[in-house]
Amino acid sequence: MKVITNSPKETISFGKKIAKSLKGGEVVLLMGDLGAGKTTFVKGVAAGLGVKNTITSPTFVLMKVYKISASAKSYGGQSENIKIKKNIKVLVHIDAYRGLDLNDLENIGALEYFGEHDTICLVEWGGALLDYCRKKGIRCKKILINNINQKTREFIY
Amino acid sequence: MIILGIETSCDETAASVVKVECGKFFILSNIVSSQVKVHAKYGGVVPEVAARLHIKVVLPIIQQALAEARCSWKKIDCIAVCAGPGLMSSLHVGVETAKTLAYVFKKPLIKVNHLEGHIFSGQNKVKEWKLPIIGLVVSGGHTQIYLIRNYLKYKIIGGTIDDAAGEAFDKVAKILGLGYPGGPVIGKYIAKAKGHPSSGLRVTKEQRNITLPRPMIRSNDLQMSFSGLKTAVLYAWRDCQLKLKGDELENARVNLAADFQQAVVDVLVTKTLKAVKKYNAKTVVLGGGVSANLELRRQLAEAIDSGFPPSLKLWRTRLSGMTINKVKLVVPELKMTGDNATMIAKAAYYHIKRKDFISPFALTADVNWELKSR
């Protein structure tokens, strides 16, 4: 499927939409150049899942873990209520920007979260993990982000 | 009182011996072993490699710190260690070492937050600064503004909503093909190109024509964003590469690098001034790796003297209403801007006074340790 977004705002809405389709236990692999909007997309998914914290870039610390509290029902002060899927309790945001391989991911404890039924893992620059996930039978989603121009992004998934 | 500080949160192994006497901090030794050259070829810190190098040097570094301070284990009153935030595998090395040493030599143990350390890195005397304090911590992993109404009482009042400032430097340096680590390579590159080696570079007239955005600079809160700025550089550079060649292209790269640096400085300075005004701060403290940036140091000082960021004509009217009186700016010495253990020992002193000791069996590293009052 292809989706075009024309602003960071639209990218966030798209992330929220994807969040609705997640059941728990998925690993989402994000591919796209610097500045494609991977972190922005993750902000959307997180909002959609009911994460209250600000999602900041995990490039430096490599992995950030966000707990989703059951009480979180609305976000951003909007009246729109999001039905939080009770079974999704943890969002893990990983950045493999520096070419982290499986070994590195195991070392930082990231692999322990893969496939956990109450956890969603989003891996930026995670294209190389596709084979691993398939071998282990972990449900994974591949999302490719293309920079069309300064504002427009194309999501292929 | 003599404190041994240990710091291994990222890619620097550091140990330091600090003596506190008559309300003054005396740095008896400050040893830092940096792995930056090892990680440069990967374009960032690789956790597995970092941890291994930490293990290799942590004990020799501690021994060296004690030897240089002419200090035996007997004289050490307390061991202070950075327990987070940072990279898990790196933090563990320092924390486990400190725990073992504290247990073996029967010394009290104090855990210190890394960001708290950065805030204290410029302090020379105990409780030297007037309250309230605005602490701006800018590094590769963090960009945060803290309000300190009382010593050891921290409140986060602003910060980045996406990339840290240092991270933006790293990524922009990569986009422009300048190398790693981003902050120093961009600074040196601009200085070299302009023929002002390491001296405070003045931005030329042409460069004042703002081309890159200053994200969120007009927002009323103290939040910042550097991710969009990085993307703007990416597109501007792509354009240049398509249109320009040779010297012109090189010139464009210099201008882009300079404007990027200026954009980061503009945002940081503006938000700091806003915080000062809002909370009526008496002291501004700068800390973290990016505080080594000469432009940030110079322009923040200038701005605090005059009340508005000099390069920001556009926003001058908005900010000129700010009268900032008797605000003291504290900037750490250049060698204390990066990660070091002296800052850990200094911050630990306040915790020792409050008896925040922790048992070696209870201490663990906390990767996401948020700095708040404890």
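This is a predicted model, so every value here is computed, not measured.

A. Quick peek at the overall build of chain A. On a plain count of helices and strands, chain A comes out with 4 helices and 7 strands. Traced from its N-terminal end to its C-terminal end, chain A shows the element sequence β-α-β-α-β-β-α-β-α-β-β. Buried positions account for 46% of the 157 residues belonging to chain A. A separation threshold of at least 6 residues defines the contact pool for chain A, and within that pool the share at least 24 residues apart is 73%.

B. Region of interest: the nonpolar core. All names here are of chain B. One finds Ala80 and Ile344 to be the most contacted residues of the largest nonpolar core, which totals 157 residues. In terms of residue count, the dominant contributor to this core is helix H9 (residues 246-279) (13 residues). Those residues in contact with isoleucine 344, other than ones at most four positions away along the chain, are Gly5, Ile6, Glu7, Ala80, Val81, Cys82, Val112 and Gly117.

C. Looking closely at the environment of lysine 56 of chain B. Structurally, the position occupied by lysine 56 of chain B is in helix H2 (residues 47-68). With 37 residues separating them in the primary sequence, lysine 56 of chain B and valine 93 of chain B have C-alpha atoms 9.9 Å apart.

D. Geometry of the pairing of strand E6 (residues 133-138) of chain B. All names here are of chain B. Where burial is concerned, most of E6 is hidden: 6 out of the 6 residues are buried. Examined bridge by bridge, E6 and strand E7 (residues 143-150) share 6 bridges and lie antiparallel to one another. Along E7, the bridge assignment pairs valine 138 with threonine 143. Once E6 ends, the chain turns through 4 residues before running back antiparallel as E7.

E. Structural context of the pairing of strand E5 (residues 119-124) of chain A. Residues and elements named next belong to chain A. Most of E5 sits out of view: 6 of its 6 residues are buried. Across the two faces of E5 the burial is the same, with Thr119, Cys121 and Val123 and Ile120, Leu122 and Glu124 all buried. With 4 bridges connecting them, strand E2 (residues 27-31) and E5 associate as parallel partners. Opposite leucine 30, over in E5, you have glutamate 124 as the bridge partner.

F. How the structure looks around the interface of chain A and chain B. Counting residues at the interface gives 18 residues for chain A, matched by 25 residues for chain B. Tallying contributions element by element places helix H3 (residues 102-107) of chain A first for the side of chain A that touches chain B, with 3 residues.

G. Fine view of the sheet that holds E5 of chain A. All names here are of chain A. The strand order across the open sheet formed by 7 strands is E1-E7-E6-E2-E5-E4-E3, and the pairing between neighbours is mixed. In the strand order of this sheet, the two ends are held by strand E1 (2-5) and strand E3 (63-67), each with one partner. Taken pair by pair, the neighbouring strands of this sheet meet at an average axis angle of 20 degrees, ignoring direction. Sheet topology note: the E3/strand E4 (residues 90-95) ladder contains 5 bridges and is antiparallel. Note on E4: the bridge partner recorded for tyrosine 66 is leucine 91.

H. The arrangement of the sheet that holds E7 of chain B in detail. In spatial order, the strands read E9-E8-E7-E6-E10-E11 (chain B); together these 6 strands make up an open sheet with mixed pairing. Each edge of the open sheet carries a strand with a single partner, namely strand E9 (223-224) and strand E11 (328-330) of chain B.

I. Fine view of the confidence of the model for chain B. Residues and elements named next belong to chain B. Residues with a pLDDT of 70 or more make up 91% of chain B, whose mean pLDDT is 89. Between the elements of chain B, mean pLDDT differs from a low of 46, seen in helix H11 (residues 313-320), to a high of 98, seen in strand E1 (residues 2-7). Per the prediction output, this complex has pTM 0.87; the corresponding ipTM is 0.80.

J. Here's a closer look at the environment of glycine 166 of chain B. Residue and element names in this part refer to chain B. Within the secondary structure, glycine 166 is located in helix H5 (residues 165-175). Note on glycine 166: 25 C-beta atoms within 10 Å, which makes it buried. Among all residues touching glycine 166, those that are not within four sequence positions of it are Val138, Ser139, Gly140, Gly183, Gly289 and Val290.

K. Local environment of the packing of H9 of chain B against helix H10 (residues 294-306) of chain B. All names here are of chain B. The contact between H9 and H10 brings their axes to 10 Å, and the two run at 35 degrees. When you trace H9 past H10, the crossing you get is right-handed. The residues of H10 that touch H9, namely those facing Gln261, Val265, Leu268, Val269, Thr272 and Leu273, are Glu295, Leu296, Gln299, Leu300 and Ala303. Residue classes in the contact of H9 with H10 are distributed as 7 nonpolar, 3 polar and 1 charged.

L. Spotlight on unusual backbone geometry. Residue and element names in this part refer to chain B. For the bond running from leucine 131 to proline 132, omega is -10 degrees, close enough to zero to count as cis. Relative to the elements of secondary structure, proline 132 occurs in the loop between helix H4 (114-120) and E6. A cis amide bond, omega -5 degrees, links tyrosine 180 with the succeeding residue proline 181. Of note, the phi angle at lysine 355 is positive, near 60 degrees, even though the residue is not glycine. Relative to the elements of secondary structure, lysine 355 occurs in the segment after helix H12 (342-353).

Here is what the cut-offs are and how they apply
Residues numbered from 1 in each chain as written. Chains lettered and ligands numbered in written order. Predicted model: local features only at pLDDT ≥ 70, side-chain atom pairs only at ≥ 80, totals over all residues. Helix = DSSP H or I, 4+ residues; strand = E, 2+ residues; numbered from the N terminus. Buried ≥ 20, exposed ≤ 12 C-beta atoms within 10 Å, placed from the backbone. Contact = placed C-beta atoms within 7 Å. Core = buried A, V, L, I, M, F, W, Y, C linked by C-beta atoms within 7 Å. Pairing = 2+ DSSP bridges. Axes fitted to C-alpha atoms, helices over the stretch in contact; angles between N-to-C directions. pLDDT = per-residue confidence, 0-100. Left-handed = near helix turned anticlockwise from the far one by under 90°. Nonpolar A, V, L, I, M, F, W, Y, C, P; charged D, E, K, R; others polar.

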